[in-house]
Amino acid sequence: MKKIFNDWTKFEIMLLSFSLLIVIISGILCNSTVLTIICSITGILCALTQAKGKSIINETIWENRFLNLAELNKMGATAETITKSKAVIVGTTPLKGKKVKATDLRAGASLVIAGLIAEGKTIIENADYILRGYENIEEKLTNVKLSSDFTMSHVGIVGAARNAVRFWEALGEIIKEDNVKNFSKLLKIRLIGQVDNSVIESIKKNSLEDNVEIIPYIPHEKVIAEQSSSQVLLLFINNSPNAKGIMTGKIFEYMASGRPIFAIGPTDGDTAIILDKTKSGFIVDFDDKDGMKNAIIDLFNKYKENQLTTKKNEVVENYSRRALAKDYVNLIETIIDTFHSYKKIKK
């Protein structure tokens with residue numbers, strides 16, 4: 001039988017700062033026919049907890065494939081291992097969120113499924129098993145529907161230096177001029193994180209209280225869902241002397257969500273370059289109120305026509321965790337090669 005590399009587990013890179021230690025775990029060789037059985041069986045175990053009656057499973061490929069049954073039982077399942085290759089599951093059993101432990105990659109994935117089924121919060125320890133095989137699993141599982149409103153969301157602290165005064169003025173003027181049908185009714189600004197009093201004052205000054213919702217804190221797993229469901233993602237750059245060089249890490253999460261990014265900051269700065277390269281959004285200067293108004297109205301019109309989208313492309317993927325890890329590895333290998341070459345020349 002032909003053997004192939006499992007794309008889910010090709011490699012894992014551990015980057016240890018200061019020591020420059022790099023460990024690359026190679027992909028696991030496996031039979032392509034067997035792989036389908038191996039990948040699906042643990043998911044079946046989880047699903048059978050919700051099936052009515054007794055289910056008997058015979059594992060004919062590998063032994064000890066039922067280690068996660070003990071973890072499922074912690075959540076309320078009724079499952080028993082008869083032999084190393086045989087298990088019995090009795091359902092239907094309601095599952096409740098518990099602290100559980102992944103014993104391997106696919107068993108961990110099955111616990112993720114169980115956690116989605118369960119009532120309450122599930123904490124999975126040894127999550128490295130899962131992340132090694134299912135990159136960005138949280139993003140894929142939070143593939144939520146877009147908001148029906150014209151939502152513009154900002155995630156993170158909005159301090160005084162990030163108070164986009166002209167942006168709030170632009171929104172207020174569009175509403176006051178009332179030339180854009182249903183704009184005020186459909187506009188929803190969501191500020192997720194701590195917000196400075198100066199920002200709140202700007203919102204009040206422009207009579208935007210009914211259109212702005214401030215959410216001081218939500219868990220990170222829900223932040224991802226918020227970003228994915230928002231029509232537009234707002235990115236406020238600090239209005240400071242070093243603004244051109246500011247590159248907030250939030251931009252990479254934003255890009256991963258696939259939603260258009262509306263940034264406010266220097267149009268010739270590092271953030272502007274990234275947005276232009278990836279085609280994931282645009283940036284308007286701090287004081288360009290007319291530019292902001294035109295951009296907001298254009299986004300709103302596209303929203304009404306269901307055309308408010310961005311396409312993930314290869315350039316965006318270059319900024320993914322895996323791609324950046326590869327670049328980091330290549331950089332360190334270059335440094336090591338240069339060091340060895342230097343030693344040879346010195347001899």
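Residues numbered from 1 in each chain as written. Predicted model: local features only at pLDDT ≥ 70, side-chain atom pairs only at ≥ 80, totals over all residues. Heavy atoms only, no water.

Undergrad: Honestly, the nonpolar core in this entry has me stumped. Any pointers?
TA: Nonpolar side chains in soluble globular proteins generally cluster together in the buried interior. By size, the foremost hydrophobic cluster in this structure holds 52 residues, and its most contacted members are F150, M152, F167, W168 and F262. Looking at this core element by element, the count peaks at 6 residues for helix α12 (residues 289-304). C46, L72, M75 and L95 belong to the second-largest nonpolar core, a separate cluster that totals 17 residues. (Core = buried A, V, L, I, M, F, W, Y, C linked by side-chain atoms within 4.5 Å. Buried < 20%, exposed > 50% of the residue type's maximum accessible area, 1.4 Å probe, protein only. Helix = DSSP H or I, 4+ residues; strand = E, 2+ residues; numbered from the N terminus.)

Undergrad: Can you help me understand the pattern of salt bridges in this one?
TA: Side chains bearing opposite charge may pair, as long as their charged atoms lie close to each other. Summed over all chains, the structure comprises 13 salt bridges. Put simply, E253 and K250 hold a salt bridge, and the shortest N to O gap is 3.4 Å. Taken together, the positions of E253 and K250, both in helix α10 (residues 250-257) and 3 residues apart, correspond to about one turn of that helix. Taking relative accessible area as the criterion, E253 reaches 28% and is therefore assigned partly exposed. Salt bridges sharing common partners tie together R166, E169, E173, E177, K289 and K293. (Salt bridge = Lys/Arg side-chain N within 4 Å of Asp/Glu carboxyl O.)

Undergrad: Sorry, what's going on with the packing of helix α6 (residues 165-177) against α12 here?
TA: Each packed pair of helices is defined by two parameters, the angle between the axes and the distance between the axes. Contact pair α6 / α12: the axes reach a minimum separation of 9 Å and the direction vectors enclose 60 degrees. Considered as vectors, α6 and α12 are oriented oblique to each other. Here α6 runs over α12; the crossing is right-handed. Counted together, R166, F167, E169, A170, L171, E173, I174 and E177 of α6 and K289, M292, K293, I296 and I297 of α12 form the full contact between these two elements. (Axes fitted to C-alpha atoms, helices over the stretch in contact; angles between N-to-C directions. Parallel < 35°, antiparallel > 145°, perpendicular 65-115°, else oblique. Left-handed = near helix turned anticlockwise from the far one by under 90°. Contact = heavy atoms within 4.5 Å.)

Undergrad: Please explain the pairing of strand β15 (residues 281-284) as it appears in this structure.
TA: Along a regular strand, successive side chains alternate from one face of the sheet to the other. The sheet contact formed by strand β14 (residues 261-264) and β15 spans 4 bridges and is parallel. Within β15, the position partnered with I261 by the bridge is G281. At this point the chain moves from β14, through helix α11 (residues 270-278), to the parallel β15, and the crossover so formed is right-handed. (Pairing = 2+ DSSP bridges. Right-handed = clockwise from strand over helix to strand, strands pointing away.)

Undergrad: Can you help me understand α11 in this one?
TA: Turning to α11, its buried residues are T271, A272, I274, L275 and T278. Each buried residue of α11 lies within a common arc of 165 degrees when the element is viewed along its axis, so the set occupies one face. The first or second residue beyond α11 is K279, which carries a positive phi of 55 degrees. (Arc of directions from axis to C-beta.)

Undergrad: Whenever I open this one, the sheet that holds strand β5 (residues 53-58) confuses me. Can you help?
TA: Neighbouring strands of a sheet are bound in pairs by backbone hydrogen bonds; such pairs are parallel or else antiparallel. One open sheet holds the 3 strands; their spatial order is β5-β7-β6, and the pairing between them is antiparallel. The open sheet has two edge strands, β5 and β6 (78-83), and neither has a second partner. Averaged over all pairs of adjacent strands, the angle between strand axes in this sheet comes to 20 degrees, irrespective of strand direction. Relative to strand β7 (residues 86-91), β6 runs antiparallel, the two being bridged by 5 bridges. Among the inter-strand pairings, T81 is bridged to a residue of β7, identified as A87.

Undergrad: Just checking my understanding: could you explain the sheet that holds strand β10 (residues 150-155) for this structure?
TA: Read across the open sheet, the 6 strands follow the order β12-β11-β10-β13-β14-β15; overall the sheet is parallel. With partners counted over all chains shown, the strands left at the sheet margins are β12 (212-215) and β15, one partner each. Within the sheet, the average angular offset between the axes of one strand and its neighbour, ignoring direction, is 20 degrees. Contacts between α10 and the sheet are confined to β10, β13 (232-236) and β14, with β13 contributing the most and set at about 170 degrees to the helix.

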